[in-house]
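Below are the chains, spelled out letter by letter.
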Amino acid sequence: MFIINLMKEIKPEELNENPFKLIGKDWMLITAQKADRTNMMTASWGGVGILWNKPVATVYIRRSRFTKGFVDNGDTFSLCVMPEEYRKELAYCGKASGRDEDKVAACGFKVAYVKEGSADVPYFEEARLVLVCKKLYAQEMEAQYFTKEGSSIPSQIYSDNDWHTTYVAEIVKVLIKE
């Protein structure tokens, strides 16, 4: 498949998408670079909004995920929203581990880069929307911080103690397919 990379940069406030559909239904690929390797994972939990007077994205990555080491390695990552035709690849990226294989090659995605400061932030040419993110905050979730109403969540979601780390990242660029 030949893809022409026609991405246009817009301001975060110009993004005209329902974030509940965008993240919860369309899904996204959390994409990061470590050394000369790109890895990604599918995510359907997250959010976008304003925090500390900045446009931010919040993502959650379990400590067991191979991609977590890639996100932890640098200051930047991207969130790639793919067209519906890539649903099979998105499902695959949510199940397969980059520890065992090159998921980028397995999906046939083409890696492109956008400059952010001194970093080359990877994203996929096939994406219809890319949020380029710069990490501001990271913290592992802990059972002691769940409220009374949320007290059943740790036993339901974290029975294996594979906690999520919460990442809050400034959205520094938004790229959309023209």
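Since this is a predicted model, take the numbers as computed values, not measurements.

What is the right way to look at helix α2 (residues 66-73) in this model?
An α-helix turns once every 3.6 residues. As a result, residues three or four positions apart point the same way. Every buried residue belonging to α2 is among Thr67, Lys68, Phe70 and Val71, and all of these are buried. Down the axis of α2, the smallest arc covering the buried residues is 160°, so these residues share one side.

How should the nonpolar core be read in this particular structure?
Here is a general trend for soluble globular proteins: nonpolar side chains tend to be buried in one another's company. Ranked by size, the top nonpolar core spans 23 residues in total, and within it Ile30, Phe77, Leu79 and Cys133 carry the most contacts. At the level of secondary structure, the elements contributing two or more residues to this core comprise α1 (19-24), β2 (28-34), β3 (37-43), β5 (54-62), α2, β6 (76-81), β9 (129-140) and β10 (164-177). Sequence-distant contacts of Cys133, that is, excluding residues within four places in its chain, are made with Ala57, Asp75, Thr76, Phe77, Leu79, Ala169, Glu170, Ile171 and Val172. By size, the runner-up hydrophobic cluster in this structure holds 20 residues, among which are Met40, Cys80, Phe124 and Val132.

Please clarify how the environment of Tyr167 should be interpreted in this entry.
You can see Tyr167 is positioned in strand β10. With 30 residues separating them in the primary sequence, Tyr167 and Tyr137 have C-alpha atoms 5.7 Å apart. Filtering out sequence-adjacent residues up to four positions away, Tyr167 remains in contact with Ala57, Thr58, Val59, Ile61, Lys68, Val71, Asp72, Lys135, Tyr137 and Ala138.

How do you make sense of unusual backbone geometry when you look at a structure like this?
Glycine aside, residues mostly have negative phi angles, and peptide bonds mostly take the trans form. For Trp27, which is not a glycine, the phi torsion comes out positive at approximately 70°. By the secondary structure assignment, Trp27 is in the loop between α1 and β2. With phi around 60°, Asn161 is a residue other than glycine that occupies positive phi space. With respect to the helices, strands and loops of the structure, Asn161 is situated in the loop between α5 (153-157) and β10. Judged by relative accessible area, Asn161 falls into the partly exposed class, the value being 44%.

Explain the pattern of salt bridges here, please?
Any two side chains of opposite charge can pair, on the condition that their charged atoms come close. Applying the stated rule across the entire model yields 9 salt bridges. Residue Glu17 is joined to Arg128 by a salt bridge in which the shortest nitrogen-to-oxygen separation is 2.6 Å. With Glu17 in the loop between β1 (7-10) and α1 and Arg128 in the loop between β8 (119-124) and β9, this residue pair connects regions lying 111 residues apart in the sequence. On the accessibility criterion, Glu17 (30% relative accessible area) is partly exposed. Here Arg128 falls in the partly exposed class, since its relative accessible area comes to 25%. Put simply, Lys21 and Asp26 hold a salt bridge, and the shortest N to O gap is 2.8 Å.

Honestly, helix α3 (residues 87-95) in this entry has me stumped. Any pointers?
Looking only at α3, the buried set comprises Glu89, Leu90 and Cys93. Buried residues of α3, viewed axially, fall in a sector of 105°; they line one side. Residues of α3 that are exposed and point over 90 degrees away from its buried face: Lys88 and Lys95. Buried-residue contacts for α3 involve β2, β3 and α4 (103-107).

Looking at this model, I keep getting lost on the environment of Thr42. Mind explaining?
Mapping Thr42 onto the fold places it in strand β3. With a relative accessible area of 12%, Thr42 lands in the buried category. Spatially, the C-alpha atoms of Thr42 and Leu79 are 9.5 Å apart, while their sequence positions differ by 37 residues. A distance of 2.5 Å separates the side chain of Thr42 from the backbone oxygen of Leu90, its partner in a polar contact.

Cut-off values and rules
Residues numbered from 1 in each chain as written. Predicted model: local features only at pLDDT ≥ 70, side-chain atom pairs only at ≥ 80, totals over all residues. Heavy atoms only, no water. Buried < 20%, exposed > 50% of the residue type's maximum accessible area, 1.4 Å probe, protein only. Helix = DSSP H or I, 4+ residues; strand = E, 2+ residues; numbered from the N terminus. Arc of directions from axis to C-beta. Core = buried A, V, L, I, M, F, W, Y, C linked by side-chain atoms within 4.5 Å. Contact = heavy atoms within 4.5 Å. Salt bridge = Lys/Arg side-chain N within 4 Å of Asp/Glu carboxyl O. Polar contact = N/O pair within 3.5 Å; in protein donor to acceptor, adjacent residues only side chain to side chain.

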